[in-house]
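Per-entry structural report
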Amino acid sequence: DFLDKVTRQALRVAQHRGSKIMDVQDLQLVLAKYWKIVIPGLGMPTFQSKKASSSAAASTAASNAGLKSKATAKRKSAAS
């Protein structure tokens, strides 16, 4: 029963990422997320698409740039 549930969930993860083949990472993600089981030696699964991680990095960089420009504007107005 447990194996059937984990296998079905991992197959859904594989289909969601557009693959017809289930990978070890699919099983790893299901075990960690839904069952709180981390396989020793593999660590926590890290699934982020390159698009998502690059857009997140760009968003963080833009946010940091906005904070820096506000701080610079404050310093300039305080110096005046």
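Residues numbered from 1 in each chain as written. Predicted model: local features only at pLDDT ≥ 70, side-chain atom pairs only at ≥ 80, totals over all residues. Heavy atoms only, no water.

Some details on the overall build of the protein chain
Worth spelling out the cut-off: Put simply, DSSP marks the helices as runs of H or I at least four residues long and the strands as runs of E at least two long, and each gets a number from the N terminus on. Note on exposure labels: buried denotes an accessible area under 20% of the residue type's maximum, exposed denotes more than 50%, and partly exposed covers the range between, all computed with a 1.4 Å probe on protein chains only. The contact criterion used throughout is that any non-hydrogen atoms of two residues lie within 4.5 Å. We get accessible surface area from the Shrake-Rupley algorithm with a probe of 1.4 Å; when it comes to residues, only the shown protein chains can shield them.
Scanning the protein chain for helices and strands turns up three helices and zero strands. Along its sequence from the N terminus, the protein chain presents helices and strands in the succession α-α-α. Within the protein chain, buried positions represent 15% of all 80 residues. For the protein chain, the share of sequence-separated contacts (at least 6 apart) that also reach a separation of at least 24 residues comes to 23%. Here the protein chain displays about 6600 Å² of accessible surface, and carbon together with sulfur accounts for 60% of that area.

Note that all results are geometric; they support no functional claim without further evidence.
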